[in-house]
Structures are given as structure tokens and as C-alpha cells.
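Survey of secondary and tertiary structure
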Amino acid sequence: MSKRINLDHLGLQGISFYGPLAWIGLLILVGLGCAYTMEHSGHVITGMNNQVMWGTPHVFAVFLIVAASGALNVASISSVFGKQMYKPLAPLSTVVSAALLVGGLAVLVLDLGRPDRLTVAMTHYNFKSIFAWNIYLYIGFLLIILTYLWMMMERRMQPHAHGAGIVAFLWRLALTTGTGSIFGFVIARQAYDAAIMAPMFIVFSFAYGLAAFNLVIMGLYNWTGRELGSFVTYRFRSMLRLFVGGSAYFTVIYHLTNLYAPEHAAWERFILLDGGIYTALFWLGQVGIGYVAPLLLLFHPGTRDSFSVIAGASVLILLGGMAQMYVTIIGGQAFPLLLFPGMEVSSGFADGVVASYVPSMWEVGLGLLGFAIALLIIVLSAKTLRVVPDNLSNRFLDPDHDKTQAELAEERALAQSA
Amino acid sequence: MTRYNDRPDDPDRRRLLGGALAVAATAIAPGILLVAPRAAGARMPTEPVTDAVRWGLLIDTTKCEAGCDHCVAACQTEHGWTDEPLSRPDQDAQWIRKVEVRDPRTGYAFSLPMMCQHCEYPPCADVCPTGASFKRADGIVLVDKHICIGCRYCMVACPYKARSFVHEDIEGQKAYSPRGKGTVESCTLCVHRVDAGRVPACVEACAARAGDAMLFGDLNDPESAIAKRISQIATTRIRADLGLHQGVLYHGF
């Protein structure tokens, strides 16, 4: 069946292609302007400070990096788990994964205090640092998935694509373990210092990455007028239900474990009850928009079959994911360090009080740069490489399509005769 | 009263001085002293740093008054960090700060200076991707400004909020204490002074102008004043449960 689906590049020309590209270019220019201004003036113009050192750029960057590994899901299901129907989507899945990773890394690097010292980060390694491991994990991931993409697209190398897919799958698990462990390994902070951060980030990545990939597919097919069948979309819907449910499960376990330990009670009270913006973002953003609303939409019989609703649920999952990153990264820093357990502390340096943080437009611009870079890579790759299936019609993908259609016709005939 | 600093009358200092004077007396014209006095355990500039020495601080909170910040002012003067012109208060550097602590059940309160605790197992050095954060063999935790990329992971990892990120261009730096926009900095335990045989500026100021609550010295040397003192009184480390074995010890709570 899948032989009848050909991989193609976007055939768009003129304003229909260059118009959206120009908007992406504009966003990139604005983002680069923000990055330059931050680098030139210093972080003094940002909302970041010596209490909340990682701000909005890190929310965007970590989100994109986590989503990147999840966007490889579809390729992994095709190569590692042998599901043939996903095979036409595997190259695009790889492209989206690489694009999100490059976007996230760009934000991370441009936010450095000394981005000009990137070569230092490449030549000086402290192998005890999870950050240093991550540099290897990120670069290795890019090399592996680009090799994997080449093997899928080069006919002579296709026999090796399965092996490359397995390596890419294992590597992406390691990558997200590394990203989660950036927080899991921090012993100093009540919000972090938990082994569950690594597997929790892996499950988050499944949800964020698949939601992003689903939106890319829907967007590209809508843009080019290609046929997208329910066979693919409904399977994405099923996986999204599973991954969002898994994310909610890990979130519950994380908080339950903390609630059980008196030493973490203050942090839990802060995030669940009286943490102001962080409490609001947790309940309304991460839980409400990120878990409850998408699950309702994806399960409810009145909405679950609508493509628009599935696309909307994917957007909600991404928004909920951004809220989760904000709560984890910024909420985790804003909560005061526990210097003297059981004692009241005060100082002229915000000891014992919640640190303030207000995002600046420079940070938001830099964060959006990551999304813009990812979009640019996706669009240019789809334009120049044969990675987009020319159609994803049910009649080509569903092995039981003809049988189902025959049965439906038979039922209609019976109904008419009756 | 017990003086909490290593004083010139320490036996080690006398031995070292004696040796230096003997060398000077035989090699140089009599009456000219070319060798500066050095603290007990201080190395000669040509000698490598070794772990034979473990520099440490003992802070007696019973002598540390709330509201007194001579140690903070001395550190600012020594290293040149202050309220930067453009930075907000929460963005200003804070190498050392005074923290007031109160037990809400009993009302017992005390005050103490908080700075880099110079951990034996420093989380900042563990997480630093380039190795810019490092611990010298003698226990002093430092930042190599040449290879700090400004990622701030060390600040996230520090349990004591002892590190600062420089948010703007810096002018008028001290030659012995370089600072730079986009890099992280913290208490150096006045390594430039220690290497020259002197005590940190905060310790000196506390002894001269405040309650003499800070004692600096070599924790490895059983004859040092700090080693003797901590063998006689109860001491604790802040967040000792983290197992970081800091070089800064506290007494009084």
C-alpha cells in the first residue's frame, strides 16, 4: 500500500511560499536583534537576576529541546517498532526533530553571558557536569538523526536505516534523560533534586514532540492542499491521549512524593496553593490547558473526531508544556533556598522570600527566535528535500480500507433495500 | 581573650619568619628585610598549591551582631563589587551578605555572614560544563574567568546563593580580582591575600572594627588557632545534611 505514497518536496511557488517565509524571516531578525541587544548591554536589560538566573529564554530553549526528542517518535515507531504505516512520515519526523533541537540550542547559546566563548564550551569539558554530557548528547543526536535521515533517503543505505533508527531512539532517550537531569541533579533546590525528573521529562517529550509534529503535518498539508486522512490523525490522537495521560501521571507522582516528605512541604504549598503566578500557571496552565482540556477534547465523543479539535488539542499541549517549563524552571528558582530548615531567615538579598522575576521583551524575542529558526529549517527542508509524503490518504495507509469501504457499501445497500 | 586570627606570635609564623630572616641576613645586606611576613601554612609564591593545607573559616555567631556589616563593606572595598549603576538591586553582585536567622518557636535569633562556603565537594564545580568553577588543592573554590561561558548553572546548583552573575560592563577593576560582564563570580577567600600570607579582608575588618567573630586558618594544621578552636567548641556547617563538607564552619547555633 505504502508504495503508492511518494515522498516529495513542497511544490509551492511565489507569494504562497515566500509570504510565510518572509514572516518567519522577520521573526528571526527580531529575535537576533534581541539577542544582540542582550549581548551588547548585558543581562541587565532582562528580568533575570541573581535569584532567578534562568529566565524566559531557558523556558523556550528547554521546551524546544525536550520537544525535539519527542518529535522523533514517529520515526522511531516506524524503524524501531516496525509499524509500516509511519514509514512515509519518518524522514519528516527526523527533520522536525533536528529543527526543534537547533532552535532550542540557538536560544540557549545566545543567552549565555559570553556567547562568544562557544568554542571554549567545545574545547573545555568537565565530565562530571551533566551540562558537558548534554553538549555531547545534543551534538551526537544531531549527527545521528541526520545520518538516519540520509540512510532513509538514500536507496543504497536503506537496509541500514533500521539500525540507525534504533541508535537514534536510544540516543533520544539518553538526551532527554540528560535534559531532565539538569534539574534532577541539583541538590540545592526543593523543586529539583529528584530522580523522577529524568523519566518525567521523557514522557513530557513524547507529548510535546508529537503535538508539535502533528501541527507541522496538519500545517504543511493544509498549506499545500494535500490529502490528510483520518487514519494518521486518529493514531496521533490515540498517542497524544497516552502521552498526555502519562505526563499527568508523572506530575501527580512527583507532587505526591514531595507531599509525603515534610522537607518538601513548603515547596508543595508554594506551587499548589499560595505561589501566586506559579500556582496559577501550574493549575491553569500545566494542568488545565496542558492535561485536562486536551484529554477532554481528545476523549469526548462530540469532539474527538474533528481534525480542528485534534489540532487545537495539540496547541493546548504545547501551551501547557510552556507553562510546565515556566513553573519548573522559574518557579523552582523563585522559591527561596532552604538555608536553615525550620527557621525564619531574612537578608538584604531576598533570603527567605520568593524572588521576583518579570520577563523582558528581549527574552521573549530571543525565545521566539528558537521557534522561528525551527520553522525556517522545517520549511526549507520540506521545500528542498523529498521528505513530505504526497498524500496521507486513508486508502493508501489503511490496510483494511478496501474491505471497510466494501462493508460500508454493503450496509448502505442493505439499508436501501430494507 | 582568644584572638581568632592567626597572629604573628604563632609558632609557625615565628619559625617561618626566623628562617626567612636567616636567609635574608646571610644573602642580603644586614638590616634590609626583603621577605614579607607570611601566615602559618602560607606557601611561597614559587611553591605549588597542595592539599597539605585546607583553608577554612570559623564564624562565631555569638560575636556577630545583627546590623553589623563591616565584613561586607571590607569585601566590597577589597574586590570592587558594589551597587552597579545600571543593575537592579536583585542583579547586583553579593559576594558576602549578612543573614538574620530566628527560631519561630523559641524566638532565639542570630546573625551571620554568608558567602561561598568553599565546599570540599562543591556542587558549582560539579555542574560547571567547562571546568571554570574549580576547587584549588588547598580548598579555595574559584571561578576561572577565562573559560566561564556565563551559563549560570553553578548559581542554580549552589545551595547558599553565594554566586553572582555580572549583568553589565564593569569598570575600575582590581588587578588581583578581575570581574567581567557575562561571567559568574563569588568570594575568593581573598586568595590573593592568602597566597601573600595575609588573612581575608572580611576577617581583618571583623577583628579590627567589629566583634572579632571570624577566624581564618589551616584546618589541616593541628597547631593552627582555627584547628585548636574547633577541637574545643561545637561547630556546624550550614545545610550539613547535603554532605558538602564546607570549609566555612559556624559556632553558636
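Before any of the text, the structure's been laid out above.
All of the points below concern the structure found in this document.

Of the regular secondary structure elements, chain A holds 15 helices and 3 strands. Taking 2.2 N^0.38 as the reference for a compact globule, 418 residues should give roughly 22 Å; the C-alpha atoms of chain A span a radius of gyration of 23 Å, in line with that estimate. Structurally, chain A occupies a C-alpha span of about 85 × 50 × 40 Å along its principal axes. In chain A, which comprises 418 residues, the share counted as buried stands at 48%. A fraction of 78% describes how many contacts in chain A between residues 6 or more apart in sequence connect residues 24 or more apart.

A separate point is the sheet that holds strand β9 (residues 248-251) of chain B. All names here are of chain B. Pairing in this open sheet of 3 strands is mixed, and the strands run β8-β1-β9 from one edge to the other. If you trace the sheet from one side to the other, it starts and ends with β8 (214-218) and β9, each paired once. Adjacent strand axes in the sheet meet at a mean angle of 20°, parallel and antiparallel pairs treated alike. Relative to β9, strand β1 (residues 55-60) runs parallel, the two sharing 4 bridges. Within β9, the position partnered with I59 by the bridge is Y250.

Here we take up the interface of chain B and chain A. Facing 46 residues of chain B, the contacting portion of chain A comprises 39 residues. At the level of elements, β2 (96-102), α3 (123-127), α4 (153-157) and β6 (164-165) of chain B are the ones that each hand at least two residues to the side of chain B that touches chain A. Per-element accounting of the side of chain B that touches chain A gives the leading share, 6 residues, to β2(B). Classifying every residue of the side of chain B that touches chain A gives 22 nonpolar, 10 polar and 14 charged. When strand β2 (residues 344-347) of chain A meets β2(B), the two strands line up antiparallel, connected through 4 bridges. Note that in β2(B) the partner of A:S347 across the bridge is B:V99.

The next thing to look at is the sheet that holds β2(A). The strand order across the open sheet formed by 3 strands is β2(A)-β2(B)-β3(B), and the pairing between neighbours is antiparallel. Two strands bound the open sheet, and with one partner strand each, they are β2 of chain A together with β3 (109-115) of chain B. On average, each strand axis in the sheet is tilted by 30° relative to the strand beside it, whichever way the strands run. Examined bridge by bridge, β2(B) and β3(B) share 7 bridges and lie antiparallel to one another. Bridge pairing links B:R97 to B:M114 in β3(B). Of the strands in this sheet, β2 and β3 of chain B touch helix α2 (residues 70-79) of chain B, which is tilted by about 165° from β2(B).

With that out of the way, let us pick up the packing of helix α8 (residues 197-224) of chain A against helix α9 (residues 230-260) of chain A. Residues and elements named next belong to chain A. In contact at an axis separation of 9 Å, α8 and α9 are set at 150° when each is read in the N-to-C sense. One finds that α8 runs roughly antiparallel with respect to α9. Pair α8 / α9 crosses with left-handed handedness. Between α8 and α9, the contacting residues are P199, M200, V203, F204, F206, A207, L210, A211 and N214 on the first element and F236, M239, L240, F243, V244, G246, S247, F250 and Y254 on the second. Along the lines of polarity and charge, the residues of the contact of α8 with α9 split into 15 nonpolar, 3 polar and no charged.

A few words now on helix α1 (residues 14-41) of chain A. Residue and element names in this part refer to chain A. Relative to the 40 Å expected for 28 residues at 1.5 Å per residue, α1 spans 39 Å between its end C-alpha atoms, a close match to the ideal helical length. Among the residues of α1, those classed as buried are G31, C34, A35 and M38. The inward-facing, buried residues of α1 abut α4 (90-111) and α13 (361-384). G42 sits one or two residues past α1 and shows a positive phi near 95°.

Parameters and conventions
Residues numbered from 1 in each chain as written. Chains lettered and ligands numbered in written order. Predicted model: local features only at pLDDT ≥ 70, side-chain atom pairs only at ≥ 80, totals over all residues. Helix = DSSP H or I, 4+ residues; strand = E, 2+ residues; numbered from the N terminus. Rg over C-alpha atoms; globule rule 2.2 N^0.38 Å. Buried ≥ 20, exposed ≤ 12 C-beta atoms within 10 Å, placed from the backbone. Contact = placed C-beta atoms within 7 Å. Pairing = 2+ DSSP bridges. Axes fitted to C-alpha atoms, helices over the stretch in contact; angles between N-to-C directions. Nonpolar A, V, L, I, M, F, W, Y, C, P; charged D, E, K, R; others polar. Parallel < 35°, antiparallel > 145°, perpendicular 65-115°, else oblique. Left-handed = near helix turned anticlockwise from the far one by under 90°. Expected span 1.5 Å × (residues − 1).

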